[in-house]
There are 4 protein chains.
Amino acid sequence: MKAWQLTTTAGIDGLALSELPSPPLAPGQVRIRVRAISLNYRDLATVNRGGGTGAPVGRIPCSDGAGEVVEVGDGVTRFAPGDRVVGAFFQGWMSGPIPDGAMTAALGGGVDGTLAEEMVLHEDGLLPIPAHMSFEEAATLPCAALTAWQALVPVGNIKAGDTVLLLGTGGVSIFGLQLAVMHGARAIVTSSSDEKLERARQLGAAETINYRETGDWAETVLELTGGKGADHVLEVGGAGTMDLSLRAARVGGIVTLIGALAGPSGDVNPRTILFRSLRVQGIFVGSRAMFEDMNRALEFHQSRPVIDRTFPFTEAREALRYMESQGHFGKIVITV
Amino acid sequence: MKAWQLTTTAGIDGLALSELPSPPLAPGQVRIRVRAISLNYRDLATVNRGGGTGAPVGRIPCSDGAGEVVEVGDGVTRFAPGDRVVGAFFQGWMSGPIPDGAMTAALGGGVDGTLAEEMVLHEDGLLPIPAHMSFEEAATLPCAALTAWQALVPVGNIKAGDTVLLLGTGGVSIFGLQLAVMHGARAIVTSSSDEKLERARQLGAAETINYRETGDWAETVLELTGGKGADHVLEVGGAGTMDLSLRAARVGGIVTLIGALAGPSGDVNPRTILFRSLRVQGIFVGSRAMFEDMNRALEFHQSRPVIDRTFPFTEAREALRYMESQGHFGKIVITV
Amino acid sequence: MKAWQLTTTAGIDGLALSELPSPPLAPGQVRIRVRAISLNYRDLATVNRGGGTGAPVGRIPCSDGAGEVVEVGDGVTRFAPGDRVVGAFFQGWMSGPIPDGAMTAALGGGVDGTLAEEMVLHEDGLLPIPAHMSFEEAATLPCAALTAWQALVPVGNIKAGDTVLLLGTGGVSIFGLQLAVMHGARAIVTSSSDEKLERARQLGAAETINYRETGDWAETVLELTGGKGADHVLEVGGAGTMDLSLRAARVGGIVTLIGALAGPSGDVNPRTILFRSLRVQGIFVGSRAMFEDMNRALEFHQSRPVIDRTFPFTEAREALRYMESQGHFGKIVITV
Amino acid sequence: MKAWQLTTTAGIDGLALSELPSPPLAPGQVRIRVRAISLNYRDLATVNRGGGTGAPVGRIPCSDGAGEVVEVGDGVTRFAPGDRVVGAFFQGWMSGPIPDGAMTAALGGGVDGTLAEEMVLHEDGLLPIPAHMSFEEAATLPCAALTAWQALVPVGNIKAGDTVLLLGTGGVSIFGLQLAVMHGARAIVTSSSDEKLERARQLGAAETINYRETGDWAETVLELTGGKGADHVLEVGGAGTMDLSLRAARVGGIVTLIGALAGPSGDVNPRTILFRSLRVQGIFVGSRAMFEDMNRALEFHQSRPVIDRTFPFTEAREALRYMESQGHFGKIVITV
């Protein structure tokens, strides 16, 4: 099988397409023919660090992949050949709170990821694809969608009428927008592009803010909420947004910290957290149980992820460069 | 002012229309010209017990009323004459969990209620009417709507994709249906009337069950949910439904017990609660803070309560008799 | 190996001691030399139903057992020979809420249990024994202790100053007493024996009620709590206690339903649940994650389970008969 | 009556003792003869800013005071002359989540405080003093004790076996220690003084860290917890502790931010929050309902606050200077 691997050279150019033997299949495991992969900023960070530091040389990057079961190992009961499946970001987080050491079994990080023609995972780390979705659509779910779901639903207990602030139009923010609308909440989206804001409105955003025009968008959020602030802020870590995010949240509100290109940037002012009784919550994707809950909701609503653009498997480097340019709206997908 | 009062005679015929002096106005209080009242089974129960047992002779019944502020007492800051307001069911439950003794200040129970041309309440026991609603619509909110909201939102933590089972088409169930749909949940409604079920579908019910045809509707709910059962059951206490409600709930699910004509009828089998790890939760309307959250959601969605029929003030007894016949779909309102 | 098995004859006399081949060891599994077993009412119920109805002929009963690892299968990483371990009641409930179908992998129910010289379990269904405990002590934890822990801690969110009502002096109640005291709560224990109540006081009970003398002990609980009622009631299902338990709980309180000889007996009056805004919660043991949390607490406090009496392995039937007579205080243990 | 007031001069020297007329008594209000006041860093900050900026000239500082009811206004039902009472920090936060604008009715901030011979408060802003406590002891509760209670109990859901990290030996930390012990948790206390650490052990601390000796105490906490980290960290804002606090918390743990002399100092690194899935929660004292729960627990345990030193009313400035020197262990009290 062909797979993209980290080499000793950091950066997108260091990513190499190799021919590898098919991985062996142990009891409980499932062999998947990968049909689609989607990209997250984390993958870009992994590739940019290369194979000499965090991840080892030879590591296959990317956490998100969907495909078809082609073979099952001894004792597998949840899946059969022909089943359409998607992998869980954390192969070892099934339910409940995040376990210590979850990172060691994160796809494309602690273990090989999805940017390959084939992958072998334990059946417990796989989920069925929602029936109405294509492989490309399903491949967008494991990281960005589930992060937004965890932030708003099990952590945020979102309810109708809540205000949700979404920063920019990357993958997590657009899923956050769709999930906020699905729960009857009032979504506010920021962007520097009026065209993107118009698309956000078509997806159900109640309010939009062009931060290039308004400057202090925390102030605008306060105005839009009668001086109170947003109930939920999904802080995805654009440059220097942290301080504004804290100021845009209501007293007693929740600001979820979500990984991004370089991690949330800017420092956090503890005084705002204290005086506004804020909850600042680190969100790291989610469990398989949360993923199942999310898929049930997406299927009931026949929701479709927003795919910005697809690239063929051989152009994985071009796809990563496109993500790096930050011009996208929604998810970037690689098809196999 | 004119008001309906309990007399020594129990039953609807014992209800008498009297001419009473305007109540005095203490500091902190607000005088309201009542414009609309809505009925709940609790009011029927109060009237049927009459003025000799629970509530005293002379008690003005009904918990739900909306009107216009005509005068404010010393120190009132939240309202001014001309404001459109609705009263809270529990005049002493502002926020947090239900306090001991909340019942002693329940409108139309521990204290005089809304079935009068005028009422005087403390400003803390009042809320502004959502801007898009008429007095008639706002009058339907305090008891039935807030009960459904508490059951599904702060207690049930409802999320998109959840299954919500609603029994019949009375006030609480129809609000429950609207709130379930608003939160992206899958609502299942039961009724003995195909016509009512058709109307429930128009309001967004995903599934309907004519229990006259299916008999064991718990079985039908299990079939509709892949054998799992409903995440939320709003048990409003029709005849002999309790056992079916418990069986229709999923393992780990929640069955909210809600007052009705005669209280939930039938006994509760503790074995089903135990073996299905159910939460059976008594729900008694809600706090003012919950009411404010609900109104924010209703206003954002421009939701309108479903009013079955309105009666003039002089025909309060006819309105109660109509409720007794159980033919309604949604709320019954009396206009002043 | 020797094991006690259900036969076609229901009842304690139907239990037969057999010589069986050692079970095979699959990858991921662990072979344990059982050193101690403890009894629960559920085991008595299983034995009394015999092998013709629920559990099949040949089933090895009992959920609670502790022992020594003697062999580990391929891929086992959590345990090694010589480790002291205790099994989880639900072999398939690791964390989060109870999964559907947990019952199918309950020891001594859906699968073979612990009343044998040897057992083979998946490593995920085992926990290390707290260092300060003997095998006999550890064997008491899986069902009764964890049930009390789930009821009070993850479900009840017990806090210092809370009042906890414990019915009788069986295994769950005595663990509930110890856990309540450990969390700074005020425990009230009922019994018909002054001697047992005296022992409960020695374990930290703040108040005791001899229900033979007081009759309506719900009234006594209200008196002891300034008319408010208990924050937590652990309803373990003695004869006719349900109605009193509901009346003894405070407004907004929680009554946990816990399995017993015949399930909680008496019917549940839905009116009390409604008018007191009670939460009646079915509690079915707990997850491995809860078990780990509990063991950490027990070890920190060097807590020791209360063992009423031990029986040798050959006298398993005598041990069950002793439980049936209900004269015990704490747990009954069988040593191998 | 005599009272200490802010003047145009910032700093402790700017505090002036004045003779003022007794405040008038409105309906619902209670006049209290103040018997004891306790100090918090917030009072020091208020005094240091003086009467020209935040608080106005003439403002009476201090949030914590206990005394005797000497007169009640019309309509007061909760208290009578002779009752021993303590005031709530937030006069307008009764129950539920913190309301917007709570600050405007904070004693010694938005409104006059307790550093006076007499104060007049609404009856809803007062609580009875636990029966076993003196005025001096009760005066320590409103701010520091309730802050620790909120952080650990309603927010932290503390349970037996949890590890609680407490920084230093100021008022909040010592209450946090007592409350952690009361709930069966394992408390770790840091200090630069072995003598203070010895006293912390006498109060029940399971582990102590002299941070002058260990340097990187986050590392020590990880060692003491098998590499996991503390479940709860009460970050009270000593110099440069924030980063260490985040690193000392377990994956999925909670770090509560609590006001101090200069607010929590040092910046918060969002990467640690993200990668350890931390909850960083601003804690601002608490509601009256939380205060009542805490008092119930303190009374049941006959707990006594730790008072470092008392000063007479005329030496309020000396008391503040003593606090500024940070040599105390527990609370500083002023008696009237």
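Residues numbered from 1 in each chain as written. Chains lettered and ligands numbered in written order. Predicted model: local features only at pLDDT ≥ 70, side-chain atom pairs only at ≥ 80, totals over all residues. Heavy atoms only, no water.

1. Looking at the overall build of chain A
Thought 1: Regarding its fold elements, chain A presents 11 helices and 15 strands.
Thought 2: In terms of overall size, chain A behaves like a compact globule, its C-alpha atoms giving a radius of gyration of 20 Å where 336 residues would be expected to give roughly 20 Å.
Thought 3: In chain A, of all internal contacts separated by at least 6 residues, the share reaching a separation of at least 24 is 70%.
Thought 4: Carbon and sulfur atoms form 50% of the exposed surface of chain A, whose accessible area is close to 11300 Å².
Thought 5: Positive and negative side-chain charges of chain A, numbering 28 and 36 respectively, have mean locations separated by a distance of 3 Å. (Helix = DSSP H or I, 4+ residues; strand = E, 2+ residues; numbered from the N terminus. Rg over C-alpha atoms; globule rule 2.2 N^0.38 Å. Contact = heavy atoms within 4.5 Å. Areas by Shrake-Rupley, 256 points an atom, 1.4 Å probe, with all protein chains shown as cover. Lys, Arg positive; Asp, Glu negative; His and termini not counted. Charge placed at Lys NZ, Arg CZ, Asp CG, Glu CD.)

2. Here's the deal with the packing of helix α3 (residues 141–152) of chain B against helix α4 (residues 171–182) of chain B
Residue and element names in this part refer to chain B.
Thought 1: Contact pair α3 / α4: the axes reach a minimum separation of 8 Å and the direction vectors enclose 50 degrees. Looking at the two axes, α3 sits oblique to α4. Handedness of the α3/α4 crossing: right-handed. Contacts from Leu141, Ala144, Ala145, Thr147, Ala148, Trp149 and Leu152 in α3 reach Gly171, Val172, Phe175, Gly176, Leu179 and Ala180 in α4. (Axes fitted to C-alpha atoms, helices over the stretch in contact; angles between N-to-C directions. Parallel < 35°, antiparallel > 145°, perpendicular 65-115°, else oblique. Left-handed = near helix turned anticlockwise from the far one by under 90°.)

3. Structural notes on the relation of the copies chain B and chain C
Thought 1: Structural alignment of chain B on chain C gives an RMSD of 0.0 Å, achieved by rotating through 180 degrees and translating 0.0 Å along the axis. The two molecules are tied by a two-fold rotation axis, judged by turn and shift. (Least-squares fit on C-alpha atoms with pLDDT ≥ 70 in both.)

4. Digging into the packing of aromatic side chains
Aromatic ring pairs are defined here through the distance separating the ring centres and the angle between the ring planes.
Thought 1: Under the definition given, this model contains 28 aromatic pairs over all chains.
Thought 2: Arranged with centres 6.5 Å apart and planes meeting at 65 degrees, the rings of Trp4 of chain A and Phe313 of chain A form a pair that is edge-to-face. With Trp4 of chain A in strand β1 (residues 2–5) and Phe313 of chain A in the loop between β14 (307–312) and α11 (316–324), this pair connects stretches of sequence that are 309 residues apart.
Thought 3: Taking relative accessible area as the criterion, Trp4 of chain A reaches 2% and is therefore assigned buried.
Thought 4: When the ring of Phe90 of chain C is compared with that of Trp93 of chain C, the centres are 5.8 Å apart and the planes differ by 55 degrees; the resulting orientation is tilted. (Phe/Tyr/Trp six-rings, centres within 6.5 Å; stacked < 30°, edge-to-face > 60°. Buried < 20%, exposed > 50% of the residue type's maximum accessible area, 1.4 Å probe, protein only.)

5. Here we look at the pattern of salt bridges
Thought 1: On inspection of all chains with the given rule, the structure shows 72 salt bridges over all chains.
Thought 2: Taking the shortest distance from any N to any O, the salt bridge between Asp13 of chain B and Arg321 of chain B comes out at 2.5 Å. Placement of Asp13 of chain B in the loop between β1 (2–5) and β2 (16–19) and of Arg321 of chain B in helix α11 (residues 316–324) is noted, with a sequence separation of 308 residues between them.
Thought 3: Given the relative accessible area of 35%, Arg321 of chain B is considered partly exposed.
Thought 4: As a salt-bridge pair, Glu68 of chain D and Arg35 of chain D come within 3.3 Å of each other at their nearest N and O atoms. Linking Glu68 of chain D in strand β4 (residues 64–72) with Arg35 of chain D in strand β3 (residues 29–38), this pair joins segments that are 33 residues apart in sequence.
Thought 5: Within the structure, one salt-bridge network assembled from shared partners comprises Lys159, Asp162, Asp231 and Arg250 of chain A together with Arg296 of chain B. (Salt bridge = Lys/Arg side-chain N within 4 Å of Asp/Glu carboxyl O.)

6. Describing the environment of Ala249 of chain B
All names here are of chain B.
Thought 1: Among the structural elements, Ala249 can be located in strand β12 (residues 249–258).
Thought 2: The sequence separation of Ala249 and Thr272 amounts to 23 residues, and the corresponding C-alpha distance is 9.8 Å.
Thought 3: The residues touching Ala249, leaving out its near neighbours within four places in the chain, are Lys228, Gly229, Ala230, Val233, Val255, Arg276 and Leu278.

7. Details of the side chain of Arg276 of chain C
Residue and element names in this part refer to chain C.
Thought 1: Tracing the backbone shows Arg276 in the loop between α9 (270–275) and β13 (279–283).
Thought 2: A polar contact of 3.4 Å, which involves the side chain of Arg276, links it to the backbone oxygen of Lys228.
Thought 3: Beyond its immediate stretch of four places on either side in the chain, Arg276 contacts Leu222, Lys228, Leu246, Arg247, Ala249, Arg250, Val251 and Gly252. (Polar contact = N/O pair within 3.5 Å; in protein donor to acceptor, adjacent residues only side chain to side chain.)

8. Details of the pairing of strand β5 (residues 84–87) of chain A
All names here are of chain A.
Thought 1: With three bridges connecting them, strand β4 (residues 64–72) and β5 associate as antiparallel partners. Across the sheet, residue Ala66 finds its bridge partner in β5, namely Val86.
Thought 2: Across three bridges, the pairing between β5 and strand β7 (residues 126–128) is antiparallel. Paired with Val86 across the two strands is Leu127, which belongs to β7. (Pairing = 2+ DSSP bridges.)

9. So, the sheet that holds strand β13 (residues 279–283) of chain B
Thought 1: Across the sheet, 12 strands lie side by side as β10(B)-β9(B)-β8(B)-β11(B)-β12(B)-β13(B)-β13(C)-β12(C)-β11(C)-β8(C)-β9(C)-β10(C); this open sheet has mixed pairing. Each edge of the sheet is formed by a strand with only one pairing partner; in this case those strands are β10 (207–210) of chain B together with β10 (207–210) of chain C. Taken over all neighbouring pairs, the strand axes of this sheet differ in orientation by 15 degrees on average, direction set aside.
Thought 2: Two strands pair when backbone bridges link them, and strand β8 (residues 163–167) of chain C and strand β9 (residues 186–191) of chain C are joined in this way by five bridges, in the parallel orientation. Paired with Thr163 of chain C across the two strands is Arg186 of chain C, which belongs to β9 of chain C.
Thought 3: With respect to the sheet, α4 of chain B is in contact with β8 (163–167), β9 (186–191), β11 (230–235) and β12 of chain B, its orientation differing from that of β8 of chain B by roughly 160 degrees.
Thought 4: Sheet contacts for helix α5 (residues 194–202) of chain C: β9 and β10 of chain C; angle to β10 of chain C, the most-contacted strand, approximately 170 degrees.

10. Overview of the interface of chain B and chain C
Thought 1: Each partner contributes to the interface: chain B provides 27 residues, whereas chain C provides 28 residues.
Thought 2: The interface formed by chain B and chain C holds two salt bridges in total.
Thought 3: The salt bridge partner of Asp100 of chain B is Lys228 of chain C, with a shortest N-O separation of 2.8 Å.
Thought 4: On the surface where chain B and chain C come into contact, there are nine residue pairs in polar contact (both at pLDDT 80 or more).
Thought 5: Mapped by element, the contributors of at least two residues to the side of chain B that touches chain C are β12, α9 (270–275) and β13 of chain B.
Thought 6: Sheet topology note: the β13 of chain B/β13 of chain C ladder contains three bridges and is antiparallel. Residue pairing for β13 of chain C: Arg279 of chain B is matched across the bridge by Gln281 of chain C.

11. Focus: the environment of Gly168 of chain C
Residues and elements named next belong to chain C.
Thought 1: Structurally, Gly168 is set in the loop between β8 and α4 (171–182).
Thought 2: With 105 residues separating them along the chain, Gly168 and Ile273 place their C-alpha atoms 23 Å apart.
Thought 3: Apart from residues lying up to four places away in sequence, Gly168 is in contact with Ser173, Val189 and Thr190.

12. Let's talk about the sheet that holds strand β11 (residues 230–235) of chain D
Thought 1: Ordered in space as β10(A)-β9(A)-β8(A)-β11(A)-β12(A)-β13(A)-β13(D)-β12(D)-β11(D)-β8(D)-β9(D)-β10(D), the 12 strands form an open sheet in which the pairing is mixed. Edge positions in the open sheet fall to β10 (207–210) of chain A together with β10 (207–210) of chain D, since each of these has one partner strand only. Between one strand axis and the next, the sheet turns by 15 degrees as a mean value, whatever way the strands run.
Thought 2: The strands touched by helix α5 (residues 194–202) of chain D are β9 (186–191) and β10 of chain D; relative to β10 of chain D, the strand with the most contacts, the crossing angle is about 170 degrees.

13. Digging into the packing of α3 of chain B against helix α10 (residues 288–300) of chain B
Residue and element names in this part refer to chain B.
Thought 1: It is the contact of α3 with α10, at a shortest axis distance of 10 Å, that shows an interaxial angle of 90 degrees. Between α3 and α10, the angle is such that the two are roughly perpendicular. On the side of α3, the interface is formed by Leu141, Pro142, Ala145, Leu146, Trp149 and Gln150, while α10 contributes Met290, Phe291, Asp293, Met294, Asn295, Ala297 and Leu298.

14. Quick look at helix α4 (residues 171–182) of chain A
Residues and elements named next belong to chain A.
Thought 1: Under the 1.5 Å per step criterion, the end-to-end length of α4 is 17 Å for 12 residues, consistent within 8% with the ideal 16 Å.
Thought 2: In terms of burial, α4 is largely enclosed, as 11 of its 12 residues are buried.
Thought 3: Residues of α4 that are buried include every one of Gly171, Val172, Ser173, Ile174, Phe175, Gly176, Leu177, Gln178, Leu179, Ala180 and Met182, and no others.
Thought 4: Immediately beyond the C-terminal end of α4, within one or two residues, lies Gly184, with a positive phi of roughly 75 degrees. (Expected span 1.5 Å × (residues − 1).)

15. With respect to the environment of Gly67 of chain B
Residue and element names in this part refer to chain B.
Thought 1: Secondary-structure assignment places Gly67 in strand β4 (residues 64–72).
Thought 2: With 20 residues separating them along the chain, Gly67 and Val47 place their C-alpha atoms 23 Å apart.
Thought 3: Apart from residues no more than four positions distant in its own chain, Gly67 is found in contact with Ile32, Arg33, Val34, Arg35, Asp83, Arg84, Val85, Ile129 and Phe135.

16. Concerning the domain arrangement of chain A
Residue and element names in this part refer to chain A.
Thought 1: Splitting chain A by domain gives domain 1 (2–142 + 286–335) and domain 2 (156–282).
Thought 2: If you average the C-alpha positions of domain 1 and of domain 2, the two centres end up 27 Å apart.
Thought 3: At the junction of the two partners, domain 1 supplies 18 residues and domain 2 supplies 14 residues.
Thought 4: Taking both partners together, domain 1 and domain 2 bury about 1300 Å²; carbon and sulfur atoms supply 71% of that area.
Thought 5: Of all residues in domain 1, the largest losses of buried area upon contact with domain 2 belong to Tyr41, Val306 and Phe329, amounting jointly to 41% of the total for that side.
Thought 6: For the interface between domain 1 and domain 2, the tally reads zero salt bridges.
Thought 7: Run the count over domain 1 and domain 2 and you get four residue pairs in polar contact (both at pLDDT 80 or more). (Domains from an automatic or database assignment. Buried area = accessible area lost by both parts, 1.4 Å probe.)

17. What to know about helix α10 (residues 288–300) of chain A
Along an α-helix, a turn takes 3.6 residues, which lines up residues three or four apart on a common side.
Residue and element names in this part refer to chain A.
Thought 1: Between its first and last C-alpha, α10 extends 18 Å over 13 residues, near the 18 Å set by a 1.5 Å rise per residue.
Thought 2: If you follow the buried residues of α10, they end up packed against β5, β7, α3 (141–152) and α4.
Thought 3: Downstream of α10 by one or two residues, Gln302 has phi in the positive range, about 50 degrees.

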